[in-house]
Amino acid sequence: MLLTNDDGISAPGLQAARRSLRELDGVELDVIAPDSNRSATARSITTRSPLTVEEVEFEDGDLGYATDGTPVDCVRFADITYSGTVAAAFEGIVLGIPAVAISQQSSGGGMGYVSGRFDFGVAAPLLAELVRRLTGESMPEATLINVNIPAGEPQGIEVTKLGKRIYNDELKLVGEDSDRRRRYEIYGWKPGYEEIDGTDLYAVARGRISVTPIHFDLTDHGGLDRLRGWDFEEMLAAGA
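Worth saying up front: this structure is predicted, and the values here are computed from it rather than measured.

Q: Go over the overall build of the chain with me, naming the residues and quoting the values.
A: Tallying secondary structure elements over the chain gives seven helices and 12 strands in all. Counting every position in the chain, which comprises 240 residues, the buried fraction comes to 35%. Carbon and sulfur atoms make up 51% of the accessible area of the chain, which totals about 15,100 Å².

This is the structure in structure tokens:
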């Protein structure tokens, strides 16, 4: 089993998950993660420079590997010897590996999964139980499990669909280089969400754990028939 994250090799969440997973019988655990925080890198990979990998020893004597790459680089590298948490899980199912993405909300609540105080007392053992279940009962092909844990004592757990975040970002010009290249900063208020019952965001907002199956196939199957009704041959000829 491979354990990675987007917060970095020293992140408390990864360490809590690692300690919990190592207690599972019959599970051989490998840990490889970015050497520092790589949140919001999505499915990016490193292509124009070499990847460096360093063996690190954890406090309990176990070994892991830190890389200067992205979360997806970690999965791709491990397969050989792009939110970042879900992206790494996506890469796992692309490679045919069962995958679970799990995120812990901070003490501040809301959409806070980056800063604040974190308690992994629920997330880590739940992850171990999910892995135990997956060893005997796999998900459908190319489907990962995405879990979001609310801050504090959970008020329950439910299977959900994906919710929709609402962003209010703005683009701000912050300077111009000597070669007249402009530099911008993206900023905004805290993101909100659509309050729709049955979604992961709504569940977490009510203090409940959300468990969402996510399929890698992004095809809009309902749109296939509509597109098949378009005369693409005529479009192609018109542009010739």
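There's plenty left to go through after this.
Q: Any chance you could break down the layout of surface pockets for me, citing the residues and the numbers?
A: Looking at the second largest pocket, its volume works out to about 190 Å³. Every residue along the wall of the second largest pocket is listed here: Ile93, Gly96, Ile97, Pro98, Ala99, Leu134, Ser138, Met139, Pro140, Glu141, Ala142 and Thr143.

Q: Describe the pairing of strand E12 (residues 209–215), listing the residues and the values that go with them.
A: Where burial is concerned, most of E12 is hidden: five out of the seven residues are buried. Here strand E6 (residues 143–149) runs beside E12; their pairing, made up of six bridges, is antiparallel. Directly across from valine 147, in E12, lies its bridge partner valine 211. Bridge count for strand E7 (residues 157–159) against E12 is three bridges, and the pairing is parallel. Counterpart to valine 159 in the pairing with E12 is valine 211.

Q: Summarise the sheet that holds strand E5 (residues 100–104); cite the residues concerned and give the values.
A: Read from one edge to the other, the open sheet built from four strands follows the order E5-E6-E12-E7, with strand pairing classed as mixed. The strands lining the two open edges of the sheet, one partner per strand, are E5 and E7. Across the sheet, the mean angle separating the axes of adjacent strands is 20° when strand polarity is ignored.

Q: So what about helix H4 (residues 123–136)? Which residues, and what values?
A: Its 14 residues place the ends of H4 21 Å apart at the C-alpha level, agreeing with the 20 Å of an ideal helix rising 1.5 Å per residue. Check the buried side of H4 and you find it contacts helix H1 (12–21), E5 and E6.

Q: Which residues make up the packing of aromatic side chains, and what values go with them?
A: For the structure on display, the rule yields two aromatic pairs. Ring plane angle 10° and centroid distance 6.0 Å describe the contact between phenylalanine 118 and phenylalanine 120, whose orientation is recorded as stacked. Given the relative accessible area of 29%, phenylalanine 118 is considered partly exposed. Where tryptophan 230 meets phenylalanine 232, the ring centres are 6.1 Å apart and the plane angle is 35°; that geometry is what we call tilted. Overall, the relative accessible area of 43% leaves phenylalanine 232 in the partly exposed class.

Q: Summarise the nonpolar core; cite the residues concerned and give the values.
A: Residues Leu3, Ile9, Leu21 and Val31 are the most contacted members of the largest nonpolar core, which totals 14 residues. Mapped by element, the contributors of at least two residues to this core are H1, strand E2 (30–34) and H4. Ignoring any residue separated from it by four or fewer positions in sequence, one finds leucine 21 in contact with Met1, Leu3, Leu29, Leu127, Ala128 and Val131.

Q: Any chance you could break down the environment of isoleucine 145 for me, citing the residues and the numbers?
A: The residue isoleucine 145 is located in strand E6 in this model. Exposure remark for isoleucine 145: the relative accessible area of 8% places this residue in the buried category. Apart from the residues within four sequence positions on either side, isoleucine 145 is in contact with Ala99, Val100, Ala101, Leu130, Leu134, Met139, Val211 and Thr212.

Q: A description of the packing of H1 against H4 should follow, citing residues and the corresponding values.
A: Direction vectors running N to C along H1 and H4 enclose 45°, while the axes themselves pass 8 Å from each other. Taken together, the axis directions place H1 and H4 in an arrangement best described as oblique. Relative to H4, the crossing made by H1 is right-handed. Residues Ala16, Ala17, Ser20 and Leu21 of H1 pack against Ala124, Pro125, Leu127, Ala128 and Val131 of H4. Its residues assigned to classes, the contact of H1 with H4 shows eight nonpolar, one polar and no charged.

Q: Break down unusual backbone geometry for me, citing the residues and quoting the values.
A: Despite not being glycine, alanine 142 shows a phi value in the positive range, around 65°. Residue position: alanine 142 is located in the loop between H4 and E6. According to the relative accessible area criterion, alanine 142 is partly exposed, its value standing at 23%.

About the cut-offs
Residues numbered from 1 in each chain as written. Predicted model: local features only at pLDDT ≥ 70, side-chain atom pairs only at ≥ 80, totals over all residues. Heavy atoms only, no water. Helix = DSSP H or I, 4+ residues; strand = E, 2+ residues; numbered from the N terminus. Buried < 20%, exposed > 50% of the residue type's maximum accessible area, 1.4 Å probe, protein only. Areas by Shrake-Rupley, 256 points an atom, 1.4 Å probe, with all protein chains shown as cover. 1 Å grid on protein atoms, 1.4 Å probe; cavity = no way out; pocket = protein on both sides within 12 Å on 5 of 7 lines; lining within 4 Å. Points joined across faces, edges and corners; volume = space filled by probe spheres on them. Pairing = 2+ DSSP bridges. Axes fitted to C-alpha atoms, helices over the stretch in contact; angles between N-to-C directions. Expected span 1.5 Å × (residues − 1). Contact = heavy atoms within 4.5 Å. Phe/Tyr/Trp six-rings, centres within 6.5 Å; stacked < 30°, edge-to-face > 60°. Core = buried A, V, L, I, M, F, W, Y, C linked by side-chain atoms within 4.5 Å. Parallel < 35°, antiparallel > 145°, perpendicular 65-115°, else oblique. Left-handed = near helix turned anticlockwise from the far one by under 90°. Nonpolar A, V, L, I, M, F, W, Y, C, P; charged D, E, K, R; others polar.

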